[in-house]
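Examination of the molecular architecture
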Amino acid sequence: MKKLRDVVLASIFQRRAVKVFEPVEISEEILQQILNAACHAPSSFNMQPYRFYWVANAKRKSAVAKLCLGQTPAETASALVVAVADIGSLAATSRSQLEWMRSRSEFSEAKIRDYERTAKLGRILFMPGPFGIFGVVKWAVFRLLNLWKTVGMPPVFRQDLFKWATKSTSLACENLMIAAEALGLDTCPMEGFDGRRLSRFLELSARYHEIVMVIAIGKRSHAYVEPPQWRRPLNATVTIL
Ligand SMILES: Cc1cc2nc3c(=O)[nH]c(=O)nc-3n(C[C@H](O)[C@H](O)[C@H](O)COP(=O)(O)O)c2cc1C
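Read on for an overview of the structure. (Residues numbered from 1 in each chain as written. Predicted model: local features only at pLDDT ≥ 70, side-chain atom pairs only at ≥ 80, totals over all residues.)

1. What about the pairing of strand β3 (residues 79-86)?
Of all the eight residues making up β3, eight are buried; the element is thus mostly covered by neighbouring parts of the structure. Here β3 shows a buried face lined by A79, V81, A83 and A85 and a second buried face lined by L80, V82, V84 and D86. Direction of pairing for strand β2 (residues 50-55) relative to β3: antiparallel, over a ladder of six bridges. Directly across from W54, in β3, lies its bridge partner V81. With eight bridges connecting them, β3 and strand β5 (residues 209-220) associate as antiparallel partners. What sits directly across from D86, in β5, is H209. (Buried ≥ 20, exposed ≤ 12 C-beta atoms within 10 Å, placed from the backbone. Helix = DSSP H or I, 4+ residues; strand = E, 2+ residues; numbered from the N terminus. Pairing = 2+ DSSP bridges.)

2. Regarding the packing of helix α5 (residues 90-102) against helix α6 (residues 109-125)
Close contact between α5 and α6 brings their axes to 11 Å; oriented N to C, the two are set at 180 degrees. Taken together, the axis directions place α5 and α6 in an arrangement best described as roughly antiparallel. Note on element contacts: α6 touches α5 through I112, Y115, E116, A119 and R123, opposite L90, A91, S94, L98, M101 and R102. Among the residues forming the contact of α5 with α6, the class breakdown is seven nonpolar, one polar and three charged. (Axes fitted to C-alpha atoms, helices over the stretch in contact; angles between N-to-C directions. Parallel < 35°, antiparallel > 145°, perpendicular 65-115°, else oblique. Contact = placed C-beta atoms within 7 Å. Nonpolar A, V, L, I, M, F, W, Y, C, P; charged D, E, K, R; others polar.)

3. Notes on the environment of P128
Within the secondary structure, P128 sits in the loop between α6 and α7 (133-146). Each C-alpha atom of the pair P128 and Q159 lies 9.5 Å from the other, and the pair is 31 residues apart in sequence. Among all residues touching P128, those that are not within four sequence positions of it are F134, G135, F157, R158 and L161.

4. What to know about the site of the ligand
Near the ligand, the surroundings consist of R16, A17, K19, Q71, P73, C188, P189, M190, E191, G192, M213 and Q229. For the shell around the ligand, the element with the most residues is strand β4 (residues 186-190), which contributes three residues. The residue inventory of the shell around the ligand, partitioned by class, reads six nonpolar, three polar and three charged. (Near = placed C-beta within 6 Å.)

Structure below.
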């Protein structure tokens, strides 16, 4: 147990945004471990509303690096991972979870029906509808309800849905970076990219996909001189009530 704690904390504290990498081969096994770790992050309603594009092919990687504004971490990385918030996958995800539940003996019929109902309700609540019309209705209903009841506001418009999906995507990204660190690799998260061109390159849909960040992965270059790491003191960041 102590060993697990030490490895996790060491990975968190040693991770840095590395700006220059040297070429290394990332094996299929390591790739799988890193991506699996990313997908083990918690996500809202367990909806895992993201997609990762792992770009390691030299020609495609070079094209993506250019769309990351030619930044050195992107140009020198062994692989680039484009993390995309995906709000078009919700129905398929709940169907897939339902199938999984049906295939397992631990879930009673009542539990499965319960999940089915919740998933249906979730789909309705999370649906922006054409031109956001349903969003306006949703907003009005929840705002009214909130006048006398404690209620949370579901994502109302498409942008709220992207904001919702971005939270879970970012947690998966952090898992990915910590796992890479634990496996002896380095990373650099980047939001310096041309989103419009990169989306077009990956053939994403503007309706359902938004790129959250690109993560450069590789082994830090021996020549790379790391600047000291600065953080605000805890009292500037934390309020204890
Ligand atoms: C959302 C996000 C976007 C970032 N974008 C870039 C970027 O485009 N280029 C870059 O070199 N670093 C980028 N960084 C890395 C930060 O500059 C770095 O994490 C920060 O300076 C702290 O350094 P450290 O991670 O080594 O502690 C980004 C980090 C985050 C979390």
